[in-house]
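So the chains spell out like this:
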Amino acid sequence: MAQIQTFIHGSCVARDVLRVVPEPFRLRGYVARQTIASGFTKPAPVPDLSHIGSAFQRRALEGDFASNVATQIRAEARRTDIVLLDIASDRHGVAAIGGGYASTTPDHIRAFNGVVPGGRRIRFGSDRHLDLFRAGAERAARTLDRYSLPSLVLGFDFTQQMCDGSTYETSGMPADEINATYEPYYRLLEETGFEVSWLPTEHTLIDPVHKWGPGLDHFIEPAYQWWAEQVRGVTESR
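Now for a description of the structure that goes with this document. (Residues numbered from 1 in each chain as written. Predicted model: local features only at pLDDT ≥ 70, side-chain atom pairs only at ≥ 80, totals over all residues. Heavy atoms only, no water.)

**Observations regarding the overall build of the chain**
Here is step 1: Each helix and strand in the chain was counted, giving 8 helices and 8 strands.
Here is step 2: For 238 residues, the compact-globule formula gives about 18 Å, and the C-alpha radius of gyration of the chain, at 17 Å, lands near that figure.
Here is step 3: Expressed as lengths along the three principal axes of its C-alpha atoms, the size of the chain is roughly 45 × 45 × 35 Å.
Here is step 4: Within the span of the chain, comprising 238 residues, buried residues form 54% of the whole. (Helix = DSSP H or I, 4+ residues; strand = E, 2+ residues; numbered from the N terminus. Rg over C-alpha atoms; globule rule 2.2 N^0.38 Å. Buried < 20%, exposed > 50% of the residue type's maximum accessible area, 1.4 Å probe, protein only.)

As structure tokens, this is what we get:
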């Protein structure tokens with residue numbers, strides 16, 4: 001079976017599809033810590049990141065401030081069969097900095113001791129954040145069209161339902177509230193022309209022994225296996 005050359009823009013949700021189902025996929029590129037609302041909009045000045053020990057995290061943060069996801073897609077376009085996306089990290093919002101935007105994921109917050117330098121917070125679900133997300137989605141669609149790249153967005157509901165029947169307790173926003181806030185974001189993606197592959201309810205369950213630990217979007221392995229089949233379907237239909 002021919003390998004499916006896959007470029008990922010998103011969180012561990014999309015990355016875990018290839019972790020759980022490594023064949024027949026090959027990872028061509030992985031843009032983490034960038035969101036649609038930051039990575040596909042105006043760049044922000046890159047702060048000093050020399051204090052960050054992890055080379056992966058440092059590159060990811062640099063790329064987010066520089067909004068370089070389109071550049072990375074262009075570099076791999078000829079060798080890529082599909083671009084796989086998820087928007088799980090967009091729920092963390094962005095910060096407006098120096099005329100551009102940077103994500104405010106937990107990694108960003110930890111890197112700067114709680115405050116992104118010079119940033120004015122734009123919260124998930126606000127009208128301004130939705131406007132930025134729309135602009136980012138439109139640029140993302142243009143980028144993919146320019147290189148004739150098919151894509152698939154992994155759509156899912158956050159959940160507090162564990163696969164053993166128990167309820168996962170969270171100190172943050174409840175899953176139902178997160179899901180309601182995400183509804184206009186997914187509508188915008190579909191209106192922009194993206195195909196969204198919605199995870200079936202029977203797979204929307206938290207895995208208590210997930211590699212990254214239990215979490216609202218850390219699903220059981222059949223979830224990633226199901227998505228892998230959807231990716232195969234998109235590439236085989238080309």
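Anyway, onward from the coordinates.
**Some words on helix H3 (residues 55-66)**
Here is step 1: With 12 residues, H3 ought to run about 16 Å at 1.5 Å a step, and its terminal C-alpha atoms sit 16 Å apart, in line with that.
Here is step 2: For H3, the secondary structure elements touched by its buried residues are helix H2 (36-39), strand E4 (94-97), strand E5 (100-103) and helix H5 (106-111).
Here is step 3: Positive phi shows up at Ser67, right after H3, with a value of about 50°. (Expected span 1.5 Å × (residues − 1). Contact = heavy atoms within 4.5 Å.)

**Things to note about the packing of aromatic side chains**
Here is step 1: Applying the stated criterion to the full structure yields 13 aromatic pairs.
Here is step 2: Summarising the aromatic geometry, the rings of Phe156 and Trp227 are spaced 6.1 Å apart at their centres and angled 70° between planes, so their arrangement reads as edge-to-face. Placement of Phe156 in the loop between strand E7 (151-155) and helix H7 (175-192) and of Trp227 in helix H8 (residues 221-236) is noted, with a sequence separation of 71 residues between them. Across the pair, exposure class does not vary: Phe156 and Trp227 are buried alike.
Here is step 3: Ring geometry for Tyr224 versus Trp227: centroids 6.3 Å apart, planes at 50°, classification tilted. Taken together, the residues span about one helical turn, with Tyr224 and Trp227 both in helix H8 at a distance of 3 residues. Of the two residues, Tyr224 and Trp227, both sit in the buried class.
Here is step 4: Put simply, the rings of Phe124, Phe133, Phe156, Phe158, Tyr182, Tyr185, Tyr186, Trp198, Phe219, Tyr224 and Trp227 pair up and form one aromatic cluster. (Phe/Tyr/Trp six-rings, centres within 6.5 Å; stacked < 30°, edge-to-face > 60°.)

**A look at unusual backbone geometry**
Here is step 1: The linkage connecting Glu23 with the following residue, Pro24, adopts the cis geometry, with an omega of 10°.
Here is step 2: Mapped onto the elements of the fold, Pro24 is located in the loop between helix H1 (12-20) and strand E2 (25-31).
Here is step 3: Even without being a glycine, Ser67 presents a positive backbone phi close to 50°.
Here is step 4: The buried category is assigned to Ser67, whose relative accessible area is 7%.
Here is step 5: With a phi close to 50°, Ser148 is a non-glycine residue in the positive phi region.
Here is step 6: Tracing the backbone shows Ser148 in the loop between helix H6 (127-146) and E7.

**Brief notes about the sheet that holds strand E3 (residues 82-85)**
Here is step 1: If you walk across this open sheet you meet the 5 strands as E2-E1-E3-E7-E8, and the pairing is parallel. Only two strands of the sheet have a single partner each, and these edge strands are E2 and strand E8 (196-198). The mean inter-strand angle of the sheet, taken between neighbouring strand axes irrespective of direction, is 30°.
Here is step 2: As defined by bridge partners, strand E1 (residues 4-9) adjoins E2 across 6 bridges and the pair is classed as parallel. Along E2, the bridge assignment pairs Thr6 with Leu27.
Here is step 3: Across the sheet, H8 is in contact with E1, E2, E3, E7 and E8; its angle to E7 comes to roughly 160°. (Pairing = 2+ DSSP bridges. Axes fitted to C-alpha atoms, helices over the stretch in contact; angles between N-to-C directions.)

**Quick notes on the sheet that holds E4**
The strands making up a sheet associate through backbone hydrogen bonding, with each pair oriented either parallel or antiparallel.
Here is step 1: If you walk across this open sheet you meet the 3 strands as E5-E4-E6, and the pairing is antiparallel. For this open sheet the edge positions go to E5 and strand E6 (120-122), each flanked by a neighbour on one side alone. Averaged over all neighbouring strand pairs, the angle between strand axes comes to 35°, with direction disregarded.
Here is step 2: Two elements, E4 and E5, share 4 bridges in a ladder whose sense is antiparallel. Its bridge partner lying in E5, Val94 is registered against Ser103.
Here is step 3: Along the sheet face, H6 touches E4, E5 and E6 and points at about 80° away from the line of E6.

**What about the side chain of His210?**
Here is step 1: Structurally, the position occupied by His210 is in the loop between E8 and H8.
Here is step 2: Taking the relative accessible area as the measure of exposure, His210 reaches 6% and is therefore buried.
Here is step 3: Within polar-contact distance, the side chain of His210 engages the backbone nitrogen of Trp212 at 3.0 Å.
Here is step 4: In terms of polar contacts, His210 uses its side chain to reach the side chain of Tyr224, at 3.1 Å.
Here is step 5: If sequence neighbours within four positions are ignored, His210 has contacts with Asp16, Arg19, His218, Phe219 and Tyr224. (Polar contact = N/O pair within 3.5 Å; in protein donor to acceptor, adjacent residues only side chain to side chain.)

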